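# Descriptive structure summary
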Amino acid sequence: MRSDGILGARGGGGGSDQNRATASVAVESRRRWLKRRETWLVLLGVALHAVYMLSIFDIYFKTPIVHGMDPVPPRFSQPPAKRLILLISDGLRADKFYEPDVDGNYRAPFLRNIIKNQGRWGVSHARPPTESRPGHVAIIAGFYEDPSAVTKGWKANPVEFDSVFNQSRHTFAYGSPDIIPIFCSALPHSTWNSYPHEYEDFATDASFLDEWSFDQFESLLNRSHHDPKLKELLHQDKLVFFLHLLGCDSNGHAHRPFSSIYLNNVKVVDKIAERVYHLLEDYYRDNRTSYIFTADHGMSDKGSHGDGHPTNTDTPLVAWGAGIKYPRPATGHSHSDSVTSFVDKHAHDMPTPYDWGLNRVERVDVNQADIAPLMSTLLGLPGPVNSVGNLPLGYMKLNEEEEVEAVLANTKQILNQLLRKSHIKMSNSLFFKPFKPLVDHSSSLSQIDELISAKRYEAAMKLAVDLRNLSLEGLHYFQTYDWLMLMTVITLGYTGWMIVLALHVLQCYSSLSGDLSRKGHLSVQKRHSTKVYLSGCLLMAILTVLILVEHSPPLYHAYIGMTVFLWTQILSEYRLIRGLWIYLRERKAGYFIKLLFAAAVSIVIVELLVHSFTERKLYTWFFLIAGFVSSVLLHISIPWRSGIPVFVCISCWFLSVFTLMPAEIPDNNNLVVMSGAIIIVISLAAKWLDTHAEGNKFWQSITFHESRKPMWSKLYFIQIILVGVSSVMVSLSTKHRTQNQELHSSHQFINWLVAGSSMVLPLFSGNGILSRLSSIFLGFAPPFLLLSIGYEAVFYSALAVVLMAWILFENASHHSSKAKDSSISEQNTEEHVTIGSEERYLQLSDVRIPLIFMVLFNVAFFGTGNFASIASFEISSVYRFITIFSPFLMAALLIFKLFIPFMLVICAFSAITKLVRVPRLGCYFLVILFSDIMTIHFFFLVKNTGSWMEIGNSISHFGIVSAQVVFVLLLFALTNLYTRTIRVKPLSTSPSLKTL
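Residues numbered from 1 in each chain as written. Predicted model: local features only at pLDDT ≥ 70, side-chain atom pairs only at ≥ 80, totals over all residues. Heavy atoms only, no water.

Within an unreviewed UniProt entry, the label attached to the protein reads GPI ethanolamine phosphate transferase 1, and the organism entered is Brassica campestris. The protein has a UniProt comment under Function (unreviewed entry) that states "Ethanolamine phosphate transferase involved in glycosylphosphatidylinositol-anchor biosynthesis. Transfers ethanolamine phosphate to the first alpha-1,4-linked mannose of the glycosylphosphatidylinositol precursor of GPI-anchor." In UniProt, the protein has this text filed under Sequence similarities (unreviewed entry): "Belongs to the PIGG/PIGN/PIGO family. PIGN subfamily." (UniProt positions renumbered as here; feature names shortened; annotations may be inferred.)

### A few points about the overall build of the protein
The helix and strand tally for the protein stands at 35 helices and 10 strands. Of all 996 residues assigned to the protein, the portion counted as buried reaches 55%. Of all intrachain contacts in the protein linking residues separated by at least 6 positions in sequence, the fraction that spans at least 24 positions is 80%. Surface accessibility of the protein: about 42,000 Å² in total, with carbon and sulfur atoms responsible for 61%. (Helix = DSSP H or I, 4+ residues; strand = E, 2+ residues; numbered from the N terminus. Buried < 20%, exposed > 50% of the residue type's maximum accessible area, 1.4 Å probe, protein only. Contact = heavy atoms within 4.5 Å. Areas by Shrake-Rupley, 256 points an atom, 1.4 Å probe, with all protein chains shown as cover.)

### Focus on the packing of helix 33 (residues 920-941) against helix 35 (residues 964-979)
In contact at an axis separation of 10 Å, helix 33 and helix 35 are set at 150° when each is read in the N-to-C sense. It follows that helix 33 is roughly antiparallel to helix 35 by the angle criterion. Here the hand of the crossing between helix 33 and helix 35 comes out right-handed. Counted together, Arg920, Tyr924, Ile928 and Ser931 of helix 33 and Gln964, Val965, Val968, Leu969, Phe972, Asn976 and Thr979 of helix 35 form the full contact between these two elements. Looking at side-chain class alone, the contact of helix 33 with helix 35 contains 6 nonpolar, 4 polar and 1 charged residues. (Axes fitted to C-alpha atoms, helices over the stretch in contact; angles between N-to-C directions. Parallel < 35°, antiparallel > 145°, perpendicular 65-115°, else oblique. Left-handed = near helix turned anticlockwise from the far one by under 90°. Nonpolar A, V, L, I, M, F, W, Y, C, P; charged D, E, K, R; others polar.)

### Focus: the pairing of strand 7 (residues 239-245)
Among the 7 residues that make up strand 7, 7 are buried, leaving the element largely enclosed by the rest of the structure. With burial as the criterion, each face of strand 7 is covered, one bearing Leu239, Phe241, Leu243 and Leu245 and the other bearing Val240, Phe242 and His244. Inspection of the sheet shows strand 3 (residues 83-89) paired to strand 7 by 7 bridges, in the parallel sense. Residue pairing across strands places leucine 84 opposite valine 240, the latter belonging to strand 7. (Pairing = 2+ DSSP bridges.)

### As for helix 27 (residues 745-758)
Taking 1.5 Å of rise per residue, 14 residues should cover 20 Å, and helix 27 covers 20 Å from first to last C-alpha, within 8% of that figure. Turning to helix 27, its buried residues are His747, Asn751, Val754, Ala755 and Ser758. Down the axis, helix 27 shows its buried residues gathered within 95° of arc, on one side only. Of the exposed residues in helix 27, those oriented more than 90 degrees away from the buried face are Ser745 and Phe749. (Expected span 1.5 Å × (residues − 1). Arc of directions from axis to C-beta.)

### Focus on the packing of helix 24 (residues 669-692) against helix 28 (residues 769-786)
Contact pair helix 24 / helix 28: the axes reach a minimum separation of 10 Å and the direction vectors enclose 170°. If you check the angle between helix 24 and helix 28, you find them roughly antiparallel. Residues Val672, Ser675, Gly676, Ile679, Ile682, Ser683, Ala686, Leu689 and Asp690 of helix 24 lie in contact with helix 28, whose contacting residues are Leu770, Ser771, Ser774, Phe777, Leu778, Ala781 and Leu785. Broken down by class, the residue content of the contact of helix 24 with helix 28 amounts to 10 nonpolar, 5 polar and 1 charged.

### Structural notes on the sheet that holds strand 10 (residues 366-367)
Across the sheet, which stays open at both edges, the 8 strands sit in the order 6-5-7-3-8-9-4-10 with mixed pairing between neighbours. In this open sheet, the two strands that pair with only one neighbour each are strand 6 (190-194) and strand 10. Pairing of strand 4 (residues 120-125) with strand 10 involves 2 bridges; the strand directions are parallel. Note that in strand 10 the partner of histidine 125 across the bridge is asparagine 367. Sheet contacts for helix 3 (residues 109-117): strand 4, strand 8 (289-294) and strand 9 (314-321); angle to strand 9, the most-contacted strand, approximately 65°. Packed on one face of the sheet, helix 10 (residues 260-284) meets strand 3, strand 7, strand 8 and strand 9 and runs near 170° to strand 8.

### Here's the deal with unusual backbone geometry
Here proline 128 and proline 129 are connected by a cis peptide whose omega angle stands at 5°. Located in the positive-phi region is lysine 238, a residue other than glycine, with phi close to 60°. Relative to the helices and strands, lysine 238 resides in the loop between helix 8 (228-234) and strand 7. Even without being a glycine, lysine 455 presents a positive backbone phi close to 60°. Its location among the elements puts lysine 455 in the loop between helix 14 (441-453) and helix 15 (457-479). The class for lysine 455 is exposed, based on a relative accessible area of 58%.

### Regarding empty space enclosed by the protein
Inspection of the entire model under this criterion finds 6 cavities of 30 Å³ or more. Taken together, Val72, Pro74, Pro373, Ser376, Thr377, Leu381, Pro382, Gly383, Ala406, Ala409, Asn410 and Gln413 form the lining of the largest cavity. Of all elements in the fold, only helix 12 (371-379) and helix 13 (400-427) reach the threshold of two or more residues within the lining of the largest cavity. Among the elements that line the lining of the largest cavity, the one with the most residues is helix 13, at 4 residues. Class assignment of the residues belonging to the lining of the largest cavity gives a composition of 7 nonpolar, 5 polar and no charged. Mapped onto the domain boundaries, the lining of the largest cavity takes at least three residues apiece from domain 1 (85-146 + 155-397) and domain 2 (399-480). (1 Å grid on protein atoms, 1.4 Å probe; cavity = no way out; pocket = protein on both sides within 12 Å on 5 of 7 lines; lining within 4 Å. Points joined across faces, edges and corners; volume = space filled by probe spheres on them. Domains from an automatic or database assignment.)

### Topic: a nonpolar patch on the surface
Taken together, the side chains of Trp621, Leu624, Ile625, Phe628, Val629, Val632, Leu633, Ile636 and Trp653 define a hydrophobic patch exposed on the protein surface, amounting to about 920 Å² of accessible area. Element by element, the count of residues in the nonpolar patch is highest for helix 22 (residues 618-637), at 8 residues. Here leucine 624 shows up in helix 22. What makes leucine 624 partly exposed here is its relative accessible area of 31%. (Patch = residues over 30% accessible without salt bridge, like charges linked within 9 Å, V, L, I, M, F, W, Y side chains within 5 Å. Salt bridge = Lys/Arg side-chain N within 4 Å of Asp/Glu carboxyl O.)

### So, the pattern of salt bridges
A complete count under the given rule lists 22 salt bridges for this structure. Notably, a salt bridge pairs lysine 425 with aspartate 482, separated by 3.1 Å at the nearest N-O pair. Of this pair, lysine 425 sits in helix 13 while aspartate 482 sits in the loop between helix 15 and helix 16 (483-509), and the two are 57 residues apart along the sequence. For the residue pair lysine 425 and aspartate 482, the accessibility class agrees, reading buried in each case. Counted as one network, the salt bridges with shared partners bring together Glu810, Arg840, Asp846 and Arg848.

### Remarks on helix 33
Taking 1.5 Å per residue, 22 residues should reach 32 Å; helix 33 reaches 31 Å between its end C-alpha atoms and fits that length. The element helix 33 is largely enclosed, with a buried count of 16 among its 22 residues.

### As for the confidence of the model for the protein
Residues of the protein with pLDDT of at least 70 account for 88%, and the chain-wide mean is 86. Per-residue pLDDT stays below 50 along residues 1-15; that stretch engages in 36 contacts with residues further than four places along the chain or on separate chains. Across residues 866-872, confidence stays below pLDDT 50; counting only partners more than four residues off in sequence or on other chains, it has 16 contacts. (pLDDT = per-residue confidence, 0-100.)

### Points about the pairing of strand 9
By the criterion of burial, strand 9 is predominantly enclosed, with 7 of the 8 residues buried. In this structure, strand 8 lies alongside strand 9, joined through 5 bridges in antiparallel fashion. By the bridge assignment for strand 9, phenylalanine 293 is matched with valine 318.

### Some points on the environment of proline 783
Along the chain, proline 783 falls in helix 28. With 25 residues separating them along the chain, proline 783 and serine 758 place their C-alpha atoms 8.1 Å apart.

### Brief notes about the packing of aromatic side chains
On inspection of all chains with the given rule, the structure shows 56 aromatic pairs. Here tyrosine 199 and phenylalanine 208 contribute two aromatic rings whose centre-to-centre distance is 6.1 Å and whose plane-to-plane angle is 45°, an arrangement assigned as tilted. With relative accessibility at 35%, the residue tyrosine 199 sits in the partly exposed group. Ring geometry for phenylalanine 939 versus phenylalanine 958: centroids 5.9 Å apart, planes at 45°, classification tilted. Of the two residues, phenylalanine 939 sits in helix 33 while phenylalanine 958 sits in helix 34 (residues 948-962), which places them 19 residues apart along the sequence. The same class applies to phenylalanine 939 and to phenylalanine 958, which are both buried. Among the aromatic residues, those joined into a cluster by ring pairs are Phe853, Phe857, Phe899, Phe902, Phe909, Tyr924, Phe925, Phe967 and Phe972. A cation sits over an aromatic face here: arginine 112 above tyrosine 106, 3.5 Å from the ring centre. Sitting over the face of the ring of phenylalanine 972, arginine 920 holds its NZ or CZ atom 5.0 Å from the ring centroid. (Phe/Tyr/Trp six-rings, centres within 6.5 Å; stacked < 30°, edge-to-face > 60°. Lys NZ or Arg CZ within 6 Å of the ring centre and 35° of its normal.)

What follows is the structure, encoded as structure tokens:
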């Protein structure tokens, strides 16, 4: 006997008692080493995934806002306007504003008259997320949603920012308590008020909220007649009046944008605009007031908003008054004078809809953030220092010199942000890479000034616009400056982790290391490992110093340190890697064909799982194909008359139906009750097979019992009775709650009792595979039925039948393998024992087990829901247990309902590892390896633009697959309570032990 450290005991012959004792000691020593190593691996995996999960916030969700820039006012002799009124109708769609009603009358006659006779109009294009806070920030501050707002749950902007209100002399604002305080609560030179939250009642016509805002504004002007200080303030220049009109948004949510209430609210808003205009014109009588009317976002046909659909991104924009051009006849299809593309990424160079009746009036579209520099320029104010908006000259009545000066101020304001970001990055970088196109920006500015002095305004305008566009590109360059480095480090880290897992599986769960050791391929001296670790420590020290010098965030140390550590571990296994390379070089072409085929199938399945997160129907195709292929493969090894190939095919096709069904489960209590009957029929069939099929060679492995106790049959029928009781309680509880609007206390008690007791009974059931799994299936059926409201109850049975089909497929494969390999060598027997009692080494074909597990694990979720959030699941599922609102208990019940299918899958997986005698932990590490291929994929699919749901889902997808290293392990530990006593037929002959 020869011992080789981590490679365990390797037999070389000899059968004396002393040799056997030595071998036993070596085997026990290796088991202890393996347990320590795997504990370390799991802890490393948990730490790695926790750290790398945070990396997306340093990459995708860093705030673009910087401070320390100087404001840049336009160089005007006199600003076009002394004051500006901003009217924002929250949730007003462009088409509902511009189109006529069913009688052919337009809903906004006053503003249409302005468009045709006094001002300019267009469509303001919002960028997703099309929500109220980001929309107002874009209009008033000139930048789009700060991606770091995800850290605040999208509730607030986490970083202070500048706005038109900040730059004004004084701002008067009235409207919603969710919007006005964002801009005015910390602004000393503001007068504002908002109504109580209780006013926002979706059961009423919310147009009265718009009237409230107008009444506050009218009251302000009326008070000034009796308040000299207020009157003096109102006659100052650089004033902003802001009326936030929430009515359309509230009415759109409550009644939909096609409702008469919403459409009538458009008329209310138009009337308010008219009254505001006449009030101010009568009050000031100086023609120095500018008016801007727009909306923060639109409204979908379903009464929601947030995504990038045109009904949400297209909002009206009407401007008139001081500094605004008069209407001009339309000259073509172009709707923008300077913007080549819009932030909502739709094709907007389409003709104006005919029914709008505005085809003959020139239309000028803008990006929503362009409104901020428009307002600032009208008042002669510096633009908000964080703005990225382009000044829309198509709206402004300026002479040629003033136009250039206005655009130059807009350009300098954006350029200052770029220079500030460049300075911050340069001061903290040892190897700074500037934005090359703007290295010589000062000469460009000097050239523009020279052209203005020479009155070559057209050339100056072109240079200023080009400089502004380059500045915007430069802002994106510095926003993503660290992306390449961080993404490379994280990708290398995940890749290193997967290589570590693969080497561990090859070393500890395949016969490869033994083969290499016997052939002398592992003869390199171990001193190499010490050199590798010293080199790794030296590299880590150097990188740590560099990160400290650059004042990088603390997590950068963790990202880089984890990656260096993993690759140090890989290089320390140089002997194994070198031996593996030599081993592969000796293989024949057939081996590589098998290897490439297994890799191709694995990649296809993993990619299927990645895309299934957004397209559930892929599972339908998978199970249709899997049913056909598996039945054909089974037919090769076992006869059709056994019924197994047909059963496997039909069960897969039955499950394929569920991922075609809607994720929103409709109520159908009769279907839930019928599902209880289906569960009982399936259980009785399993019981009959367990009793009568033990002599059948295709069933004997899963129906094996060391002994049969009469108690087991009684327990089984008790479980069936509990399923029947739960089905009856589904009907009784729902009927009583519907009729009496309450859950009867006796029904509640019975439901809790049946659900709780049924899950304990499988612990005392028979220990054969079919017997125990059938009992587990029955044990979790009552709570699942009581938590079901529709077709998901049938899905429970369909999933269980497919799991049974999987077990039969593996059993048939195992049976045919034993038939081919009738004997094994003494040497292989010893290797068999080194893994664990009754376990064999993994083979290349065993990769199918973790892959099938991953598919079923995911379909256990996707069969009845989606990955958006816990809110995707109907809260009425818990009403048979609790009706009084208790968020934590209700959420716990919903999560438990989701866990039940997972429990079935993992119990079946554990049974299969025992059936085919492969190490469960070895398969677990393969599951994590494949999951991390998905993790890398989702890492690059994380979004920081789009609707909050789209951004949140991309984060959720990445987080869910990252958490599987812990989630799956915890479920393994939990299900081990049910599966650890399962017994399989003892080995009479062992399968051939081939190299993975």
